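Close look at the chain arrangement
Chain by chain, the residues run as shown.
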Amino acid sequence: MATSSQSCGVCDLRHITKPSIVWCTECDEGLCTGCQEHHSLSKSSKRHNVISIIEYQKLPTDVQKITQYCSKHDEKFQIYCKKHECPCCSKCLVESHTECWDIVNLDDVIHNVKTSNALFEIEETLVEVAENLQKICQLKQDNRSTLKKKKMEIEKEIKKTRTKINNHLDKLQENLMKQVYEVEEKENLKIYQLVSSLEIKEKEIAEYQRNISNIKQHATDLQMFLLMKQIEKDVCSEDKFLH
Ligand SMILES: [Zn+2]
Ligand SMILES: [Zn+2]
Ligand SMILES: [Zn+2]
Ligand SMILES: [Zn+2]
């Protein structure tokens, strides 16, 4: 019967808790110093294989859970059903495997299993699978670095394009501003010229105004008449000039 490996299975039955120092793989239980001595001398158990409890505890828990006893009937497994791929005690056989025809002695199946070809093949397969996994991991790592490289290239390309667009816009702005300045300068010149000629005309008109009363008094009618025509013509041309 499987017990906790910590305490002696035999002492447990007597409701005494003692730490086990060895594990009997036949009885599937731990034994304390006293019980181990008895176990190694007793006729029924002196050929049992025992290992130190430390070695036993190094086994994976899943392996520790596999016992030589049927948990349902508390009897030692003796038979192996190939159809259901399970070990059976004599009670299991009667209860659930009466229809099964491929029944063999458990000892025949597990005999020499540790040196069997099947185990060797499993070990080989494990090596192969581990190698394949490593290869796949390496491949994925390579993929990652390729991906990173690609990302950096695209990033660089985007920045380059951005700079190009910026430069283009700068140039466009510069050209437009240049045109605006040129137009302003040209128009300024026109206004300056216009204002200059207007000032000249202004002076001429002021001159007429200053002289007109004097002319009215002393010039002949003909002189006055022709002067009026002259002024009309001048003012008219000025009007045109303004519009
Ligand atoms: Zn004991
Ligand atoms: Zn034993
Ligand atoms: Zn059973
Ligand atoms: Zn079966």
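Since we're looking at a predicted model, the values are computed, not measured.

A few words on a negative patch on the surface. On the surface, a cluster of negative charge is contributed by Glu121, Glu123, Glu124, Glu128 and Glu131. Structurally, Glu124 can be placed in helix α7 (residues 117-218). In this structure Glu124 comes out as partly exposed when scored by relative accessible area, which is 44%.

What follows deals with the coordination of the zinc ion (ligand 3). The coordination sphere of the zinc ion (ligand 3), as far as protein atoms go, consists of Cys70 (SG), His73 (ND1), Cys89 (SG) and Cys92 (SG), spread over 2.0 to 2.3 Å. Coordination at the zinc ion (ligand 3) is tetrahedral, judged from the four donor atoms that bind it and the angles of 101 to 122° they form at the metal. Counting the intervening residues between successive donors of the zinc ion (ligand 3) yields the motif C-x2-H-x15-C-x2-C. Here Cys89 lies in the loop between β5 (86-88) and α5 (90-96) and His73 lies in the loop between α4 (61-64) and β4 (79-81), a separation of 16 residues in the sequence. Take His73: its relative accessible area is 14%, and that puts it in the buried class. With a relative accessible area of 0%, Cys89 lands in the buried category.

The grouping of Ile165, Leu169, Leu172 and Leu176 at the surface amounts to a nonpolar patch, some 370 Å² of accessible area in total. In this structure, Leu169 sits in helix α7. The exposure class assigned to Leu169 is partly exposed, which follows from its relative accessible area of 47%.

With that out of the way, let us pick up the coordination of the zinc ion (ligand 4). Octahedral metal centres with six donors ideally show angles of 90 or 180 degrees, and tetrahedral centres with four donors ideally show 109.5 degrees. Around the zinc ion (ligand 4), the protein contributes the donor atoms Cys81 (SG), His84 (ND1), His97 (ND1) and Cys100 (SG), at 1.9 to 2.4 Å from the metal centre. One can describe the donor arrangement at the zinc ion (ligand 4) as tetrahedral, given that its four donor atoms subtend angles of 101 to 119° at the metal. Expressed as a motif, the donor residue spacing for the zinc ion (ligand 4) is C-x2-H-x12-H-x2-C. Linking His84 in the loop between β4 and β5 with His97 in the loop between α5 and β6 (103-105), this pair joins segments that are 13 residues apart in sequence. The exposure class of His84 is partly exposed, given its relative accessible area of 41%. Overall, His97 belongs to the buried group, its relative accessible area being 8%.

The next point concerns α7. The periodicity of an α-helix, 3.6 residues per turn, causes residues three or four places apart in sequence to face the same way. Across its 102 residues, α7 extends 151 Å between first and last C-alpha, which sits within 8% of the 152 Å expected from 1.5 Å per residue. Maximum bend of α7: about 40°, positioned at Asn211.

Turning our eyes to something else, we now look at the UniProt feature "domain: B box-type" (unreviewed entry) in the protein chain. Annotation from UniProt places "domain: B box-type" (unreviewed entry) at residues 6-53. Here residues 6-53 is 31% helix and 19% strand, with 8 Å between the C-alpha atoms at its ends.

Domain assignment breaks the protein chain into domain 1 (1-68) and domain 2 (72-111). Of note, the centres of domain 1 and domain 2, computed from C-alpha atoms alone, are 25 Å apart. Facing four residues of domain 1, the contacting portion of domain 2 comprises four residues. Counting the surface lost from both domain 1 and domain 2, the interface buries some 310 Å², and carbon and sulfur atoms represent 42% of this. Here domain 1 and domain 2 share one salt bridge between them.

A few words now on the nonpolar core. Counting nine residues, the largest nonpolar core consists of Cys70, Phe77, Tyr80, Cys81, Cys88, Cys89, Cys92, Cys100 and Leu106. Non-local contacts of Cys89, meaning those with residues more than four positions away in its chain, are made with Cys70, His73, Glu75, Lys76, Phe77 and Gln78. Judged by nonpolar contacts, the second largest core, of eight residues, contains Cys11, Val22, Cys24 and Leu31.

A sheet is described by the order of its strands in space; here three strands give the open sequence β5-β4-β6, paired in antiparallel fashion. Both edges of this open sheet fall to β5 and β6, since each of them pairs with a single strand only. Pairwise comparison of adjacent strand axes, ignoring direction, gives a mean angle of 35° for this sheet.

Before going further, it helps to spend a moment on the packing of aromatic side chains. Applying the stated criterion across every chain, the model contains one aromatic pair. The interplanar angle of 10° and the centroid separation of 3.9 Å between the aromatic rings of Trp23 and Tyr56 together place this pair among those described as stacked. Here Trp23 is found in strand β1 (residues 22-24), whereas its partner Tyr56 is found in helix α3 (residues 53-58), with 33 residues between them in sequence.

Parameters and conventions
- Residues numbered from 1 in each chain as written.
- Chains lettered and ligands numbered in written order.
- Predicted model: local features only at pLDDT ≥ 70, side-chain atom pairs only at ≥ 80, totals over all residues.
- Heavy atoms only, no water.
- Patch = residues over 30% accessible without salt bridge, like charges linked within 9 Å, V, L, I, M, F, W, Y side chains within 5 Å.
- Areas by Shrake-Rupley, 256 points an atom, 1.4 Å probe, with all protein chains shown as cover.
- Salt bridge = Lys/Arg side-chain N within 4 Å of Asp/Glu carboxyl O.
- Lys, Arg positive; Asp, Glu negative; His and termini not counted.
- Charge placed at Lys NZ, Arg CZ, Asp CG, Glu CD.
- Helix = DSSP H or I, 4+ residues; strand = E, 2+ residues; numbered from the N terminus.
- Buried < 20%, exposed > 50% of the residue type's maximum accessible area, 1.4 Å probe, protein only.
- Donors = N, O, S within 2.8 Å, 3.2 Å for Na, K, Ca; no water.
- Tetrahedral: all angles 85-135°; square planar, octahedral: opposite > 155°, others 65-115°.
- Expected span 1.5 Å × (residues − 1).
- Bend = angle between axes of the 7 residues up to and from the residue.
- UniProt positions renumbered as here; feature names shortened; annotations may be inferred.
- Domains from an automatic or database assignment.
- Contact = heavy atoms within 4.5 Å.
- Buried area = accessible area lost by both parts, 1.4 Å probe.
- Core = buried A, V, L, I, M, F, W, Y, C linked by side-chain atoms within 4.5 Å.
- Pairing = 2+ DSSP bridges.
- Axes fitted to C-alpha atoms, helices over the stretch in contact; angles between N-to-C directions.
- Phe/Tyr/Trp six-rings, centres within 6.5 Å; stacked < 30°, edge-to-face > 60°.

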